[in-house]
Structure formats: structure tokens, C-alpha cells
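Observations on chain architecture
Spelled out from the first residue to the last, the chains are:
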Amino acid sequence: MRARRGVVYLVGAGPGDPGLMTRRSLELIADADAIYYDRLIPPGALDGARADAELIYVGKQPGVPSVPQAEIGERLVEAGRAGKSVVRLKGGDPFVFGRGGEEGEALRAAGVEFEVVPGVTAGVAATAYAGIPVTHRDDASAVAFVTGHEDPEKAETALDWEALASFPGTLVFYMGVKRLGENAAALIAAGRDAGEPAAAIERGTWAGQRTVTATLGTIAATVEGEGIGAPALIVIGAVAARREALEWLERRPLHGRTVVVTRARAQASGLAATLRGLGAEVVELPAIRIEPRTRSEEVRRAVATIADYDLICLTSPNGANLLFEALAASGRDGRAPGRPTGAGIGAGTPGGRDARALAGATVAAIGPGTARALAAHGIAADVVPERFVAEALVEALADVEVEGKRVLVARAAEARDVLPDALRERGGEVDVVALYETVREAPDDAAVEAAQRADYVTFTSSSTVRNLAEALGERFPTAARIVSIGPITSATVREAGLEIAVEAERHDVDGLLAALLADAAAR
Ligand code: SAH
């Protein structure tokens with residue numbers, strides 16, 4: 001246990017991008033007995049918590065009754081005294097406008113041990129993500145973090161406007177949207193130049209980050225006009241104009257777009273990560289899950305006699321990966337010794353067959369993704385069609401001798417029969433085995449809700465279309481543009497009564513991404 005019992009950890013979770021959470025914060029979240037968390041913590045921040053950890057929301061929301069600060073302190077004291085390891089998780093840094101100081105004082109007064117884990121504060125993170133350096137050799141040799149007193153619990157302003165007006169550097173206002181008009185006027189009245197560059201950064205480092213720039217004199221009207229709301233930072237200083245040259249996050253091609261990924265969770269991560277890297281907000285709404293069937297009798301039989309096949313066809317990356325899993329398992333089962341084990345040069349772990357079992361066969365992959373999966377297992381596919389559909393693979397196999405040959409088609413349970421039928425027609429002795437089946441996964445309500453804001457819904461197979469359309473019914477986000485990986489998937493989309501906005505020219509995930517990017521750029 002890295003989190004000690006009876007200790008309260010005042011932990012900063014950073015400004016919103018999960019990647020900006022510290023290692024220490026993740027370690028403690030993973031260990032804690034109880035986690036008291038705020039509203040503005042990064043998405044998924046609590047994913048690593050123990051299944052039996054108590055997760056207690058104590059956030060404040062403007063205009064909504066919340067747990068009073070004194071009571072939070074009491075609850076932390078109680079939990080610490082009960083001998084729990086307690087994480088008090090806050091947005092940004094716990095000691096920067098985070099009331100972590102007050103909580104620490106309450107704990108000390110009660111004799112409860114605490115530790116502080118700093119977090120990346122919004123004042124440097126949101127600014128950096130907006131392309132605004134808070135200091136700059138030419139523009140600002142100091143920076144002040146100031147509260148704009150958006151805190152509903154605090155009525156009057158205690159700021160020294162004269163001092164702030166003459167402060168020789170950048171002013172970063174936290175909680176500054178609500179009183180922006182008054183505050184900007186007060187600064188100008190106290191002598192700050194109305195023409196000084198200014199910026200407002202809304203939801204900094206989150207997928208929906210939005211930045212507007214103006215001058216001190218015009219920033220309030222700009223913020224109002226653009227509908228910038230909390231959480232937002234206001235930056236006043238010459239550095240705000242540096243954004244013109246340094247802006248990066250909001251320039252990414254999919255920034256501000258929400259994209260739904262419908263692939264099974266096991267395969268979604270690559271596509272989701274790429275989309276996020278391009279700036280998109282990704283909603284994972286898996287409609288299906290892959291259920292391996294590698295232990296079925298038909299798969300065991302095919303794998304045991306795999307050396308007898310002249311041609312082996314794989315129709316998905318999943319299939320390729322599962323075939324190798326089945327091979328490895330078949331060696332360990334001792335059912336099909338593919339090579340002598342425990343004897344010979346450098347004999348290692350017994351069992352576990354590998355790519356060498358396919359040495360004699362011609363190997364065909366339906367597309368580049370499947371070919372890549374094969375390559376990862378040491379097989380360079382002999383045949384890979386350009387287009388990622390069964391018909392294309394049939395064409396690509398035109399030059400391969402099939403007559404009287406033994407052929408293995410290893411694929412999903414519910415695939416189309418185009419490929420085996422065509423190979424049988426050409427005189428092949430074809431065995432079809434199902435390495436996995438896809439089963440419906442119930443959609444998560446929060447994800448369904450998030451999907452309603454989507455700009456795009458991506459489909460990479462007919463089965464995801466059917467399952468998602470049926471599972472969502474009326475709740476399907478019909479305002480989003482549907483991007484399909486290819487004609488078969490598109491046909492299923494139309495059958496489901498939906499419209500295709502974009503169809504990939506290359507029928508793999510890269511092709512789908514390229515099509516989506518082109519569409520987004522054109523709109
Ligand atoms: N402890 C936090 C600040 C809490 S006060 C920290 O260190 O960042 C809450 C204020 O912080 C908000 O009103 C807003 O001004 C600012 N803030 C927090 N997260 C933000 C974000 N992602 N983007 C812009 N401002 C943010």
C-alpha cells in the first residue's frame with residue numbers, strides 16, 4: 001500500500017486533461033479507501049480507484065446547494081480518524097484557490113496526519129494549452145495569480161486594484177468570468193492600459209477548450225458575446241498576444257469536434273487515441289464485444305492440423321490475433337505438438353506454438369490492418385488486397401492455386417460467406433472456423449448522452465451498425481454525420497434507416513480517419 005492508513009492526502013488532479021495528472025496522484029487514487037472529490041476533476045480520474053473504495057462527491061456548483069466547506073473538513077477528519085487512507089481530490093493544485101489550506105488546517109487541528117500532492121494549476125496549464133506563456137523575456141518577468149471572486153460564498157472584493165494595475169507583469173484571474181466587467185473597469189480606473197492584450201480561456205486543457213482574445217477594454221464584451229462561461233481563466237498582459245504565434249491545441253484538425261467510436265472496447269483504443277491526438281473529444285460507445293471462441297472444438301481441430309492447409313485466410317485483425325492465441329494454447333494443451341518441446345537446442349518453456357506452424361501455407365489477409373496484426377506475430381502475408389472487403393480478397397486470390405487445395409478461412413462467427421463460397425467454387429476444400437463472435441454490449445447511459453452532442457459517428461463494421469442502431473433506437477444521435485469504413489457497412493447503415501455522410505475510400509481504420517479528416521476540413 002502506497003497510501004498510508006489514517007492519512008489524508010490533499011491531491012491536485014490537474015486542470016482537466018487526464019494526461020496532466022501526476023504519477024503520485026494516480027498511485028494514491030489506486031490505493032485509497034475513500035476518495036472525496038470535486039466537480040472539476042479530469043474525466044476518468046477515478047477509473048483507477050479500487051472497486052471497493054468509497055467515492056464521495058463534495059463538489060461545489062454555482063447555484064446548487066453543496067456540502068459546506070466546514071463540513072468537508074469534518075468529514076476528512078472523521079475518515080482519517082477511522083483509520084482510512086483518504087484522498088481529497090481537487091481540480092488543479094490543492095493550494096491554489098483550492099481551499100486545501102483550510103482543509104489542512106482543520107486536519108492539523110484535529111491531529112490527523114496529512115500530505116499534500118501538488119497538481120498542475122490551471123493558471124499555467126490552460127494558458128500553455130492556449131499558447132500563452134505566462135512569462136516571457138520580452139513581455140513579462142512576473143506573473144500574478146489573482147482571484148476574480150466568482151466564489152458565490154464570498155461577497156465582497158478584497159483586491160488592491162492600484163497594486164494590480166501597477167503590477168509589472170501578467171495578471172491571471174481565476175474565477176474571473178462573472179465579475180469580469182467590473183474587474184476590468186476597476187483595473188482601467190486604477191491606471192492599467194485599456195489597450196493591453198487580454199484573453200479568456202474556457203475549459204482549458206479539456207477537449208472543448210475555447211480561447212478568445214481582445215484587450216483589457218474589450219475582453220468583457222468579447223467574453224459575453226462569445227458566451228464564454230466557467231471554468232475560465234482571464235489573462236491580462238502583453239503575453240496574451242503571443243498566442244497568435246504560439247497557439248497549437250485549438251489548431252488541431254479535429255479540435256472542438258466530438259466523435260463517437262462504436263468499435264468493441266478491445267479494439268477502440270487505437271482509433272480513439274488517434275482521434276484524441278487530432279484534437280477530437282471521443283465518446284466510446286461500443287455496441288459489441290468480442291467473445292473469443294478459440295477453445296471450441298472446430299478451432300482446436302483446425303489449429304491442431306494447421307500444417308495441412310495450403311491456404312489460410314484471415315479476415316480481421318481480431319481473427320489474426322486469436323489464431324495465434326489458439327496456436328500458443330494448442331502447444332500448451334499438449335494436444336497438438338507442433339514442435340518438440342523440452343529437448344533440442346536452447347529448449348525453453350514447453351508448449352506454445354507460433355508462426356512456424358504456418359510455414360508451409362500461403363497466408364492471405366483481407367486488408368492492411370489484418371496484415372499488420374499478422375506481421376506482429378511474425379507472418380508477412382502473401383496476399384493483401386487494396387480494398388478491405390471479401391470480394392477484393394477473392395479477386396486478389398485469383399492467381400493463387402485453389403483447385404484441390406485445403407483452405408482455412410478463420411474469421412468471425414457471423415461473417416458473410418462470399419469468400420468461402422468463391423473458393424469452393426474454384427475447387428478448394430474449404431474449412432471455415434469461427435475464432436470469435438461479436439455479442440451485443442449494452443450502451444452506457446452517460447456515453448449515450450455525451451453522444452448526443454457528437455459531430456461524427458464512426459462505423460467500422462456492419463455488426464456495430466446493427467447492434468448500435470437496435471440498442472439506441474430513438475436515442476441514436478441522428479444529428480451527427482455518419483462515417484463508414486466501406487460499402488458493406490454503408491449498406492447496413494442505410495438499412496437501419498440512417499444516412500451516410502462520408503464513406504472511406506480505403507476500407508480500413510486509416511482510410512476512415514482520412515475520410516473523416518477531409519470532411520471536417522471541408523466544413
Ligand atoms: N485549484 C484550482 C483552481 C480552483 S478555482 C487550480 O489550481 O487550477 C476554480 C477556477 O479555476 C475556475 O473558476 C477557473 O477560473 C479556474 N480553472 C480551473 N480549471 C480550469 C480550466 N480547465 N480552464 C480554465 N480555467 C480553469
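Anything mentioned here points back to the structure above.
Overview of the structure. (Residues numbered from 1 in each chain as written. Predicted model: local features only at pLDDT ≥ 70, side-chain atom pairs only at ≥ 80, totals over all residues. Heavy atoms only, no water.)

Side note on the environment of Pro 292
Rules: Comment: elements are numbered from the N terminus, with helices defined as DSSP H or I runs of at least four residues and strands as E runs of at least two. The classification of residues rests on relative accessible area computed with a 1.4 Å probe and restricted to protein chains. Under 20% of the type maximum is buried, over 50% is exposed, and intermediate values are partly exposed.
By the element assignment, Pro 292 lies in strand β13 (residues 288–292). Pro 292 gets classed as partly exposed once you look at its relative accessible area, which sits at 47%. Sequence spacing of Pro 292 and Val 493 is 201 residues, and the spatial spacing of their C-alpha atoms is 26 Å.

Observations concerning the packing of aromatic side chains
How we decide: When the centres of two rings from Phe, Tyr and Trp lie within 6.5 Å, Trp using its six-membered ring, the rings pair. Their planes under 30 degrees apart give stacked, over 60 give edge-to-face, and anything left gives tilted.
Taken as a whole and assessed by the stated rule, the structure comprises six aromatic pairs. Between Trp 161 and Phe 173, the ring centres sit 6.3 Å apart and the planes meet at 25°, which makes this aromatic pair stacked. With Trp 161 in helix α5 (residues 161–166) and Phe 173 in strand β7 (residues 170–174), the pair connects residues that are twelve residues apart, well separated along the chain. A residue is classified by how much of its surface remains accessible, and Phe 173, at 3% relative accessible area, is buried.

Comments concerning the sheet that holds β13
What counts here: Two strands pair under a simple rule: DSSP has to find at least two bridges between them. Angles here are taken between N-to-C directions and fall from 0 to 180 degrees, while the axes themselves are lines fitted to C-alpha atoms, restricted in helices to the stretch in contact. Two residues form a contact once any of their heavy atoms are found within 4.5 Å.
Judged by pairing direction, the sheet is mixed, and its five strands sit side by side in the order β13-β17-β16-β14-β15 without closing on themselves. Looking at the sheet topology across the chains shown, the edges are occupied by β13 and β15 (362–365). When strand polarity is set aside, the average angle formed by the axes of neighbouring strands in this sheet is 20°. Here strand β14 (residues 311–314) runs beside strand β16 (residues 406–412); their pairing, made up of four bridges, is parallel. Bridging across to β16, Leu 311 finds its partner in Val 407. Helix α10 (residues 297–304) rests against β16 and β17 (429–440) of the sheet, and its axis sits at about 135° to β17.

As for the environment of Val 86
As for its position among the elements, Val 86 is in strand β4 (residues 86–90). Look at Val 86 and you get buried, because its relative accessible area is 0%. Val 86 has contacts with Val 7, Val 8, Tyr 9, Ala 34, Tyr 36, Leu 76, Ala 79 and Gly 80, leaving out every residue within four places of it along the chain.

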